[in-house]
Amino acid sequence: MARWCAANGWPVHPLAAGRKTPAGNCPACREDPHRPADCPCLPAGKWCHGFHAATTDPELLAAWWGVNPALGVGVSCGPAGLVVLDIDAHSAEVPHRDRLLPGIPIHESVNLTGLASGFDTLALLAALRGAPSPAEDESTLRVRTPSGGLHVWYRTTPGGLRYRSSVGSSPKVALAWQVDIRAIGGYIVTPATRTPAGTYTAIGAARLPALLPDWLAAELHRTGHTPQPAPVRVPAPRPVRAPRAASRALRLLEPLLAEVRGCAAAAEGTAFTEKLNRAAYTAGGLVAAGHLSEPRAHDLLTEAADAARPHRHRHSLTVIASALSAGAARPLHPEGRP
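Anyway, here's the lowdown on the structure attached to this text.

## Considering the overall build of the protein
Argument step 1. Scanning the protein for helices and strands turns up ten helices and eleven strands.
Argument step 2. Taking 20 Å as the expected radius of gyration for a compact globule of 338 residues, we find that the protein reaches 35 Å, considerably beyond that expectation.
Argument step 3. The principal-axis extent of the C-alpha atoms belonging to the protein is close to 100 × 60 × 35 Å.
Argument step 4. Sequence separation of at least 24 residues holds for 70% of the intrachain contacts in the protein that already meet a minimum separation of 6.
Argument step 5. Surface accessibility of the protein: about 18100 Å² in total, with carbon and sulfur atoms responsible for 56%.
Argument step 6. Computed over 34 positive and 26 negative side-chain charges, the inter-centroid distance for the protein is 4 Å.

This is the structure we're talking about:
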């Protein structure tokens with residue numbers, strides 16, 4: 001069955017022998033939880049992480065099932081382009097009529113006597129849309145489950161919309177009560193897989209999935225099964241004030257820069273750091289008030305500092321950065337205007 005699925009382009013992964021759940025992870029993955037994308041086992045050809053390990057590689061299929069023929073077969077629905085309706089027939093309390101078909105109010109005049117399973121809610125949804133129930137769709141692959149449920153397999157159009165999985169009892173994304181959707185982020189058990197409860201058995205003549213009916217595709221879209229692309233978050237541009245009255249700002253800053261440049265006359269004892277700090281602090285206030293651009297201020301300060309102490313360039317940059325930042329907290333207007 002694994003090779004047959006792979007030949008249809010459906011990536012497969014092992015299920016634990018006699019069960020409908022994926023084969024267990026290796027001890028290292030069990031003891032050290034991590035993202036499947038970061039797992040070294042998958043590139044090494046191991047089957048850790050369930051459907052994330054699904055493949056169509058014939059060598060891996062031979063290695064996995066050749067050594068462990070008792071393993072079941074699961075198909076990763078998303079990469080396979082499949083949407084499978086998993087109709088449950090479990091014994092459960094029937095919810096209020098407003099929760100049977102999410103988003104569709106069912107009028108009190110509709111007699112719901114006898115409604116007990118996903119077969120009933122799916123038939124009700126189909127009837128409301130004027131379509132036959134997928135459970136009766138003989139054109140597509142249908143698989144009876146050991147518990148009495150039914151898997152109805154459909155394929156999507158290549159390159160078309162993809163759908164996400166859901167649980168029929170979910171209050172957020174669901175098609176109908178007791179009707180699960182197996183698609184992106186899910187897997188489905190293949191026909192002929194055996195469990196202690198019984199064998200998954202194909203019914204009817206169809207052995208391949210039919211194209212997803214248009215009305216059902218519309219319902220999946222309506223109920224939120226079409227993942228929306230994550231919005232691209234572009235950070236808002238930082239407001240940049242256009243320099244105003246730059247000449248007045250330079251007239252205020254120039255005497256301080258001259259004091260810094262004047263330190264070149266002596267190698268020490270000129271209070272170079274204090275003078276540079278004062279000039280940069282003033283420049284920071286002018287930048288914050290919008291009278292001088294930060295790049296221009298940085299260039300003026302660096303040129304003055306390098307002219308006085310070229311061998312202390314790194315020290316000067318540290319002083320400039322710190323004082324510019326401190327000065328920015330107190331916007332400065334050359335003529336004292338706000």
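This is not the end of the story, as more comes after the structure.
## As for the environment of A328
Argument step 1. Position of A328 relative to the elements: it lies in helix α10 (residues 313-328).
Argument step 2. Overall, A328 belongs to the partly exposed group, its relative accessible area being 37%.
Argument step 3. For the pair A328 and E136, spaced 192 residues apart in sequence, the C-alpha separation works out to 73 Å.
Argument step 4. Leaving out residues up to four positions away in the same chain, A328 has contacts with G284, G285 and A288.

## Some thoughts on the environment of C77
Argument step 1. Inspection of the secondary structure puts C77 in helix α4 (residues 77-80).
Argument step 2. In the structure, C77 is positioned 249 residues away from A326 in sequence and 58 Å away in space, judged by C-alpha atoms.
Argument step 3. What C77 contacts, discounting residues up to four positions off in sequence, is L82, V84, R182, A183, G186, Y187 and I188.

## Brief notes about the packing of aromatic side chains
Argument step 1. This structure, assessed with the given rule, holds four aromatic pairs.
Argument step 2. With a centroid separation of 6.2 Å and an interplanar angle of 80°, the aromatic rings of W47 and W64 are classed as edge-to-face. Taken together, the residues span a long stretch of sequence, with W47 in the loop between α2 (27-31) and α3 (58-67) and W64 in helix α3 at a distance of 17 residues.
Argument step 3. Taking relative accessible area as the criterion, W47 reaches 22% and is therefore assigned partly exposed.

## Overview of the sheet that holds strand β2 (residues 72-76)
Argument step 1. Ordered in space as β1-β2-β7, the three strands form an open sheet in which the pairing is antiparallel. Both edges of this open sheet fall to β1 (12-15) and β7 (187-189), since each of them pairs with a single strand only. Put simply, the sheet's adjacent strands are angled 35° from each other on average, direction ignored.
Argument step 2. Bridge count between β2 and β7: three bridges; the pairing is antiparallel. Bridge assignment links S76 to a residue of β7, and that residue is Y187.

Here is what the cut-offs are and how they apply
Residues numbered from 1 in each chain as written. Predicted model: local features only at pLDDT ≥ 70, side-chain atom pairs only at ≥ 80, totals over all residues. Heavy atoms only, no water. Helix = DSSP H or I, 4+ residues; strand = E, 2+ residues; numbered from the N terminus. Rg over C-alpha atoms; globule rule 2.2 N^0.38 Å. Contact = heavy atoms within 4.5 Å. Areas by Shrake-Rupley, 256 points an atom, 1.4 Å probe, with all protein chains shown as cover. Lys, Arg positive; Asp, Glu negative; His and termini not counted. Charge placed at Lys NZ, Arg CZ, Asp CG, Glu CD. Buried < 20%, exposed > 50% of the residue type's maximum accessible area, 1.4 Å probe, protein only. Phe/Tyr/Trp six-rings, centres within 6.5 Å; stacked < 30°, edge-to-face > 60°. Pairing = 2+ DSSP bridges. Axes fitted to C-alpha atoms, helices over the stretch in contact; angles between N-to-C directions.

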